[in-house]
Amino acid sequence: MTIVEPIAPEESRLFFGNSYMNAVVIEIAALEGETFSPKQIVEATGLLGSIVHPLIHKLRDAHFLEFVGRVPRERTLLYRIRDNYWWEAARRYAADRQATTERAAS
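Calculation rules
- The numbering scheme is per chain: residues are counted from 1 as the chain's sequence reads.
- In view of the model being predicted, local features appear only for residues whose pLDDT reaches at least 70, and side-chain atom pairs are presented and counted only at 80 or more, with totals across whole chains, interfaces and linings using the full set of residues.
- Side-chain figures throughout are based on the complete set of non-hydrogen atoms in the structure, without hydrogens or water.
- Any two strands between which DSSP finds at least two bridges are classified as paired.
- By definition, any uninterrupted DSSP run of H or I lasting at least four residues is a helix, any uninterrupted run of E lasting at least two residues is a strand, and each is numbered from the N terminus.
- Here an angle of 0 to 180 degrees is reported between the N-to-C directions of two axes, which are lines fitted to C-alpha atoms, with helices fitted over the stretch in contact.
- Here roughly perpendicular refers to angles of 65 to 115 degrees, roughly parallel to angles under 35, roughly antiparallel to angles over 145, and oblique to all remaining angles.
- Handedness of a crossing is defined here by the sense of rotation of the near helix relative to the far one, left-handed for an anticlockwise turn of less than a right angle and right-handed for a clockwise turn.
- Contacts: residue pairs with any heavy atoms within 4.5 Å of one another.
- For this scheme, ten residues count as nonpolar: Ala, Val, Leu, Ile, Met, Phe, Trp, Tyr, Cys and Pro. Four count as charged, namely Asp, Glu, Lys and Arg, and the remainder, Gly too, count as polar.

A. View of the pairing of strand β2 (residues 77–81). Bridge analysis of strand β1 (residues 65–70) against β2 gives 5 bridges, and the strand direction is antiparallel. The residue bridging Glu66 from the neighbouring strand is Arg80, located in β2.

Okay, structure coming up:
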């Protein structure tokens, strides 16, 4: 049985250079390739939009995400993952985290 320990903000800062990037990346990875809005990531992480939006822009600028468009008749921006091996690892972490959470709840 794999136990997935959450990555603390201090560890995220060491690895990504930002305390919250890990939380944003894992929530995006958990969507398993679905198109998403920054608002969805704000709601899933509990972080402020002023934290999430710049991190999504950094991921987009690094070609880890791509801008898809807007929700019709809204200002909501939509993004999706640009697949690479790194996202595979993030998806696995997200899935293991979910399984660990479900086992702990039962």
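So much for the structure itself; the text now carries on.
B. View of the packing of helix α2 (residues 21–30) against helix α4 (residues 49–61). One can describe the packing of α2 onto α4 by two numbers: an axis separation of 10 Å at closest approach and a directional angle of 70°. Judged by the inter-axis angle, α2 sits roughly perpendicular to α4. Crossing of α2 over α4 shows right-handed handedness. On the side of α2, the interface is formed by Met21, Val24, Val25 and Ile28, while α4 contributes Val52, Leu55, Ile56, Lys58 and Leu59. In the contact of α2 with α4, the residues fall into 8 nonpolar, no polar and 1 charged.

C. Spotlight on the environment of Ser19. Tracing the backbone through its elements, the reader meets Ser19 in the loop between α1 (9–16) and α2. Distance in space between the C-alpha atoms of Ser19 and Glu32 is 23 Å, their sequence separation being 13 residues.

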